[in-house]
Amino acid sequence: MMRIKNSLKTLLAAAALTVAGPVLAAGGAALPYTFKADPANEASVQRGARNFMNYCSGCHSMRLMRYSRIGQDLGISEELMHANLMFTSTKPGDPILSAMSAESGTKFFGAPPPDLTVETRFRGADWVYNYLMTFYVDPSRPLGTNNLLLPGASMPHVLGDLQGVQVKVDAPHGEAAAEGHGAHAGPSFEVVHKGALSADEYKKFVGDTVNFMVYAAEPGRAHRISVGIKAILFLLIFTSLAYLMKREFWKDVH
């Protein structure tokens, strides 16, 4: 009995860590930005596909996602796919593979850039969103930038031209931080050199990109949810009819 209790405690602790992990930044602080993924927003996911292919696919692959599946799910014609999304292949049935070899990745960054097919399922969409939002100037780093969620990250701030140059501002003890998280929420960020996009435009750009990554991690998600809702409605209606039928059959008995 004691072993069962200990096992249950271990499982509950692991579940708690799994739930809490995606909403914490490095050092256990709350994430500075709130984000709710919306992979059902087809227009946003289409824009995110464009963003990913233009800014991320040079280093990162999505080996479990094929161009043809993107075109089918997002209503993108093969002509548009070839013109705007397919930079490393000419076959729609091919998976999304980076042009960078593992050897080049190790040479430039110390390790091959990871495959991002299921990154949002592994870390959480809010974590990925905050990661792309929290690069800041750090002269001590080889590339001049660091990241709040992944300190010492070897990835350069590839979206720096869009976001601009920002610095980290450590909030004084008890002072509310970014995005209304309240006291002890951690540092905030200040753009000191503007980029090509405004702050709101950049947030939308990152949100679209993460929505695409959420879609890519589980392409059948929207369909699964739709079928699930229909199944639940059917069961509710069927249960109601069955109950009424039961009352009709048993009314003479009672």
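As a reminder, the structure under discussion sits directly above these lines.
The written sequence of each chain sets the order in which its residues are numbered from 1. Selection of residues for local features in this predicted model requires a pLDDT of at least 70, selection of side-chain atom pairs for listing and counting requires 80 or more, and totals for whole chains, interfaces and linings are taken over all residues. Derived side-chain values reflect all non-hydrogen atoms in the structure, with water molecules and hydrogen atoms excluded from consideration.

> Please clarify how empty space enclosed by the protein should be interpreted in this entry.
The gaps of empty space that remain are located by a probe, the size of a water molecule, rolled over the atoms. Cavities and pockets are found on a 1 Å grid laid over the protein atoms alone: a cavity is a set of points where a 1.4 Å probe fits but cannot escape, a pocket is an open set with protein on both sides within 12 Å along at least five of seven lines, and a lining residue has an atom within 4 Å of such a point. Grid points are joined across faces, edges and corners, and a volume is the space filled by probe spheres set on the points. This structure, assessed with the given rule, holds one cavity of 30 Å³ or more. Here the largest cavity defines a volume of roughly 30 Å³. If you trace the largest cavity, you find it lined by M53, S57, Y67, L85, F87, T88, I96 and L97. When residue character is reported, Ala, Val, Leu, Ile, Met, Phe, Trp, Tyr, Cys and Pro are called nonpolar, Asp, Glu, Lys and Arg charged, and the others, Gly included, polar. The class makeup of the residues in the lining of the largest cavity is six nonpolar, two polar and no charged.

> Sorry, what's going on with the nonpolar core here?
The nonpolar side chains of a soluble globular protein tend to be buried with one another. The term nonpolar core refers to a set of buried residues drawn from Ala, Val, Leu, Ile, Met, Phe, Trp, Tyr and Cys, joined through side-chain atoms within 4.5 Å. Partly exposed describes any residue whose relative accessible area lies between the buried limit of under 20% and the exposed limit of over 50%, with all areas from a 1.4 Å probe on protein chains only and scaled to the type maximum. Ranked by internal contacts, the top residues of the largest apolar core, which has 42 residues, are I70 and F212. Strands here are runs of E lasting at least two residues and helices are runs of H or I lasting at least four, both read from the DSSP assignment and numbered beginning at the N terminus. Of all the secondary structure elements, the ones that give two or more residues to this core are helix 2 (42-55), strand 1 (62-66), helix 3 (67-74), helix 7 (125-133), strand 3 (135-137) and helix 9 (199-217). Tallying contributions element by element places helix 9 first for this core, with nine residues. The contact definition used throughout considers only heavy atoms, calling two residues in contact when any of these lie within 4.5 Å. Non-local contacts of I70, meaning those with residues more than four positions away in its chain, are made with M53, M65, G75, I76, M81, I96, F212 and Y215.

> What's the story with the layout of surface pockets in this structure? I'm lost.
Estimated volume of the largest pocket: approximately 600 Å³. Taken together, 28 residues make up the lining of the largest pocket; nearest its centre are H60, P114, L116, Y131 and M155. Secondary-structure elements contributing two or more residues to the lining of the largest pocket are helix 6 (119-123), helix 7 and helix 9. Take the lining of the largest pocket: its biggest share by element is four residues, from helix 7.

> So what exactly am I meant to see when it comes to helix 7 here?
Think of an α-helix as turning once every 3.6 residues; residues three or four places apart then point the same way. Most of helix 7 sits inside the fold, with nine of its nine residues counted as buried. In this structure, the buried side of helix 7 is in contact with helix 6, strand 3, strand 4 (145-147), helix 8 (160-163), strand 5 (164-169) and helix 9.

> Looking at this structure, how should I read the packing of helix 7 against helix 9?
Axis angle and axis distance: for two packed helices, these are the angle between their axes and the distance between the axes, and together they describe the pair. For helices, the axis comes from a line fit to the C-alpha atoms of the stretch in contact; other axes are also lines fit to C-alpha atoms, and the angle between any two N-to-C directions lies between 0 and 180 degrees. Relative orientation of the contacting elements helix 7 and helix 9 amounts to 140°, with a least axis distance of 10 Å. When the interaxial angle is binned, helix 7 and helix 9 end up oblique. For the element pair helix 7 and helix 9, the recorded crossing hand is right-handed. Facing A125, V128, Y129, L132 and M133 of helix 7, the residues of helix 9 in contact are Y202, K203, V206, G207, V210, M213 and V214. We call two directions roughly parallel when the angle between them is under 35 degrees, roughly antiparallel when it is over 145, roughly perpendicular when it lies between 65 and 115, and oblique otherwise. Note on convention: the crossing is left-handed when the near helix lies turned anticlockwise from the far helix by less than a right angle, right-handed when the turn is clockwise.

> Sorry, what's going on with the pattern of salt bridges here?
When their charged atoms lie close together, side chains carrying opposite charge are able to pair. The salt bridge criterion pairs a side-chain nitrogen of Lys or Arg with a carboxyl oxygen of Asp or Glu, the two atoms within 4 Å. Under the definition given, this model contains four salt bridges. Notably, a salt bridge pairs D73 with R69, separated by 2.6 Å at the nearest N-O pair. Of this pair, D73 and R69 are both found in helix 3, four residues apart, which corresponds to roughly one turn of the helix. Of the residues examined, D73 reaches a relative accessible area of 24% and is grouped as partly exposed.

> What is the right way to read the environment of N54 from this model?
Structurally, the position occupied by N54 is in helix 2. Given a relative accessible area of 45%, N54 falls into the partly exposed group. Linking N54 and F87, residues 33 residues apart in sequence, is a C-alpha distance of 8.8 Å. In this view, N54 contacts N84 and F87; residues no more than four positions away in its chain are not counted. Engagement of the side chain of N54 in a polar contact is seen with the backbone oxygen of R50, the distance being 2.7 Å. The definition of a polar contact used here is a pair of N or O atoms within 3.5 Å, where within protein one atom must be able to donate a hydrogen and the other to accept one, and adjacent residues in sequence count solely through side-chain atom pairs.

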